[in-house]
Amino acid sequence: MRFADRNIRHPRHHHWLTGAGLALLLTACGGGGGGGGDGGNDSPPAADANPLKAAVANPLGHRTDCPGLTLSATHGSPGTVITVTGLPADFGEASIRVIADGDAGQIIDPLFLNAGDEGDPIRFTTPLAPTRDPEGGNVMMELGDGDQHCPAFAFTIDALPQAPDDYTRTVRQRLETWVDKSLAVLGYNPQTLLDADPDTLPQQDLSFWVVKQYVSGDRPDGLKALAAQASDDPDKLLERLLMASGLEDDLVDALNELDTVPVGMRQTSQAATKRAHTRVKINGSCDEQSVDPDKLIISGAAELSARMKSAAAGYVFDGSVSGQVLGDASLVNYKNTGQAAGYAGTTVSVISEVKAMRRALEPQSITDFEVRRVDQSWIEDRDPANPAFWDLAFVKAKGKSFNFGATFLNGLVTLAGMVPGPVGASIGTASTLGSKGVSSAINSLTEGSCVRIRAPEYGPIDVTDEPWTTSKILGTTVTRDSHRQYHGIDIGTSQLVIKLNSGEFADEGIFLEKFPVTVKPIRISLLPSFYRVQQPGEVASLSATAANASKNAANFAAQATGPGQIQSAAANGDFYDVQFKTPDDRDNYPTSVTFTWQGRTLPAGTERSDSVTIDTEGDISLTPQSACLLPGNRLSLSAQLNGFAEDNQDVTFSTSGGQIIDASGLTATLVAPGQTGTVQVTVKADADPSVKDTAEYTVSDSCIKKLWYPGATISLDGNGTYSNTADTRCPPDNHNDTQSEEITTPSENVIEPPQIPPENLLWYTRSERIQQNYTHTSTRSVLYTPPNGGESSCDTVNLHGSNDSTVVYSSTGDGTLSASLDAQLNTSCEEHQDGDVACAGGGTAAGLGGMYYIDLSAETDYRVHGELDCAGLAGRITQIPISATLIRYVGGVTPFVPDQETGNTGVRDANGNYRSPGLFTLSCTQANQTLPFDISFTLDAPQGEANDLVVLSLAGGLWQVSPANLPKDGFGLPSPTLPDPNTKPTTGDHQSTAHFDFSITLESQ
């Protein structure tokens, strides 16, 4: 039968005792013989026969009025849940005394409130009548918390339903079927387990062995014997109690649930298959061991779903009335046989053990979701009939760790009669009052858990397909074709969201992966991007390729967009080659040839084109590029002219301030103006005034000598075909040299202190820059021989890349040196069939080395200030910190040696104390970070008659942007041990970006 309120199935609103809990409570009552009646005699034991009864022998505190106390019902059958409202706000965790009149006086039973969360309604489950009369009866209930209690209220316990005489046997058989089916689902053979010698079983199997002894064993304290005893009992209380509990219906539900779960197979763990004899300590501790479980073999997502849904659907006693009825604490006096827990307690214990182990071994929660392969790039020329796709989504799941010590103790206490005195004595009034009292007492007995079986972990399990995952596109540049396919429809980035349908695995977590999918335009690479004519009228060879095209990278048309004529144009492999006759007349320069992409573009009809600029050879340079002059001083100038005929070597000098004198051929003299500031001097070729050069000079009352030693490079692999074999099955090796531009300082221009560089090497007002936007496309071919000895073949992969970078070194007349690096490096890697990974290479780097030179004649105060700014650091970025250090040369010649005793360093801080000559060391540790500095210091006066030379040295600094195809932590130097030398580069597209900006200003105060 089922109760009207049986739909209350929330695990936090019920309280039932485990089998061990009943066993401990029963044994705490003392011995007692055989079956029938209440405890083997006509009247229940006295209230002080066990500690629970003793705890409620007297009122639970002083009496207080509870005028608002109300029950949801004033009667109910055992198992009916009653809600209590109106309890005073200052009440603590309460319990109930259930009081009935018996033949020998009052009979008082304890009753715990149902467990619940804070704020939940207060509830209790209707117990058996204290008289153990199946017909129920009238009782008084007194609710108290140990400090105070409400006045007792009347309650009627309704009669238990009738049941067949052999109903205990029926329930036992149903329980045995459920146990055996549960074991089969977990990969066990029930009969083999029943017949096993426990000393030969792995630790995790011992609880199941105990369960089979309970349910199927022919032993006097097993369920078979207890069922027979109960059937011979004339009062039929247990049969009627079982009928009231609805346990048989619960078992039917549980068997139906098990029908949805496949029969299991188990993996054998690395733990020993035979256990040593384990001594169970009831009171005390033992060294904890952790062993791996024999996990289930889960064949795929469907089985994982079935098992996790089954687990989430609930097991027998999860919030059911049967658990509330059979777990009633008032059963402690029924069928008290001393060494056996009785039929009801044994049944609860069996179900508890199976639940605990099944919950441990079955996957309970999703722990990880990963999508391993996603196409994140779509080039606009790609055919939508060849869509992008994602693949290989996996989940991992986990069971629960299992405290073998607690479970095994529960079983042995009941099964083997291990009931020494300390067990009963350990449960007293203080540990049992309250909704968690009994479980706390059990836990106190098993604190010294001997064995812990680790939580089993399952996976990775493929969940790529529906219904396990769903996908969607966020954005307007990509459209979804199917669950795993999509294609680009406009330039830009959308987001692919792949979500695990966690409900299919009965998990409430949100598991999803987000991937940017970028639709990219065709990237046109011109070879060369600028053509310098040596002789007007010559024929220029020009080429274009679509560096990232998905097919036919030479699909171009060419047109002269200025003077000159295209003589021929044709596709040649991945390149579209043009022969262009340049104009004969220098006045027709510059001119250009435009290459226009003929393939698919997005949106449809969008033009993609780029032009090669063609200009005549001719350049001029002005020396020096930087200088500082006192007002009215003079500076010698010289020009160097290239690319002009010998009879066209005349140049003209001009200035924005001061005047040019003594101009003759390629030389002249600048006379600085009388006021401070900057002056720009320009020199132009007379034959072509568009060929010119300009330098900026500083006019100052005090010229700070300073310089950079610039060293920087921008590079990217050359385009073409790379092949490591001469075998004709692969194309021949045919590619351009590495594309690169660099700034270098000739070794002869590096002047070591205490020498001071000549004026033409000093940076007063000066700038040097390199800037490139290189593109790369190539094929990489290797001869592949299958490991099984099959025929060799050419294995080719396609690579692409780009490097858009700028490096600038500069100085100004106010004593400032600055340097910056901007880089966006894109490269790709692809894997050959032999497992080797080919990658496009390139990078950008800049070194930071410089000097300030101070001619020190007296004690002088200085201030140095500036900042290091880092922005957008991503990918593989390396820095070596830049350091600033003061180095003194006595008399301008001899290195100064600090006095160790006095601490004299020759440098004092703002408070007049000697300080380290090291001013700062800077490098960024975050992707976006600004590190300012502002330091004041005083240089002691020279000790001799000659001036001292003090050099402010900038050293050690390096910024490097490299392909992000290998792992690296942070933005400092790479670890010498990571990555492992055997680590393969990651396949796919990679991007590294960085912006560095450093400035320093030195000024006297």
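Refer to the structure printed above.
Residues numbered from 1 in each chain as written. Predicted model: local features only at pLDDT ≥ 70, side-chain atom pairs only at ≥ 80, totals over all residues. Heavy atoms only, no water.

## Remarks on the environment of T347
For clarity, the cut-off: Under the DSSP-based scheme used, a helix requires at least four consecutive residues in state H or I and a strand at least two consecutive residues in state E, with every element numbered from the N terminus. We call two residues contacting when some pair of their heavy atoms lies within 4.5 Å.
Mapped onto the elements of the fold, T347 is located in helix α11 (residues 342-361). C-alpha of T347 to C-alpha of R172: the two residues are 175 residues apart in sequence and 8.2 Å apart in space. Apart from residues lying up to four places away in sequence, T347 is in contact with L175, L223 and L247.

## Section: the nonpolar core
Note the following rule: The criterion is simple. A nonpolar core is a set of buried Ala, Val, Leu, Ile, Met, Phe, Trp, Tyr and Cys residues joined through side-chain atoms within 4.5 Å. Each residue gets one of three labels from its accessible area relative to the maximum for its type: buried under 20%, exposed over 50%, partly exposed in between, using a 1.4 Å probe on protein chains only. Start and end points for every domain follow an automatic or database-based domain assignment.
If you look at the biggest cluster of nonpolar residues, it comprises 84 residues, and the most contacted ones within it are Y697, Y809, F998 and I1000. Looking at which domains feed residues into this core, each of domain 3 (619-699) and domain 4 (705-747 + 758-1004) gives three or more. What F998 contacts, discounting residues up to four positions off in sequence, is W708, L817, S818, A819, E867, L868, I882, F920, L922, F933, L954 and W959. V185, A254, I498 and F515 belong to the second-largest nonpolar core, a separate cluster that totals 72 residues.

## Concerning the sheet that holds strand β37 (residues 677-685)
Counted only if it meets this: Strand pairing follows a simple DSSP-based rule, namely that at least 2 bridges must link the two strands.
A sheet is described by the order of its strands in space; here four strands give the open sequence β32-β38-β37-β34, paired in mixed fashion. Of all the strands in the sheet, the pair left with one neighbour each is β32 (628-629) and β34 (651-655). Relative to strand β38 (residues 692-699), β32 runs parallel, the two being bridged by two bridges. Paired with L629 across the strands is V699, a residue of β38.

## Things to note about the pairing of strand β20 (residues 485-488)
Alignment of strand β14 (residues 388-398) against β20, held across two bridges, turns out to be antiparallel. Considered in β20, the bridge of F389 is made with Q485. Judged from the three bridges that link them, strand β19 (residues 478-480) and β20 form a sheet pairing that is antiparallel. When the sheet's bridge partners are listed, T479 is paired in β20 with H487.

## Overview of helix α6 (residues 223-231)
Note the cut-off: Here the arc refers to the set of directions running from the helix axis out to each C-beta atom.
Within α6 the residues assigned to the buried category are L223, L226, A227, A230 and S231. Buried residues of α6, viewed axially, fall in a sector of 135 degrees; they line one side.

## Notes on the environment of V56
With respect to the helices and strands, the residue V56 is situated in the loop between α2 (51-55) and β1 (62-63). Judged by its relative accessible area of 1%, V56 is buried. Spatially, the C-alpha atoms of V56 and S95 are 9.2 Å apart, while their sequence positions differ by 39 residues.

## So, the side chain of T938
We count it as follows: Pairing of N or O atoms within 3.5 Å defines a polar contact, subject to two protein rules: one partner must be a possible hydrogen donor and the other a possible acceptor, and residues neighboring in sequence count only if both atoms are side-chain atoms.
Relative to the helices and strands, T938 resides in strand β55 (residues 929-939). When its relative accessible area of 12% is taken as the criterion, T938 is described as buried. Of the polar contacts made by the side chain of T938, one reaches the side chain of D861; its length is 2.6 Å. T938 has contacts with E859, T860, D861, G906, V907 and R908, leaving out every residue within four places of it along the chain.

Note that every value here comes from positions in space, so none of it alone points to a role or purpose.
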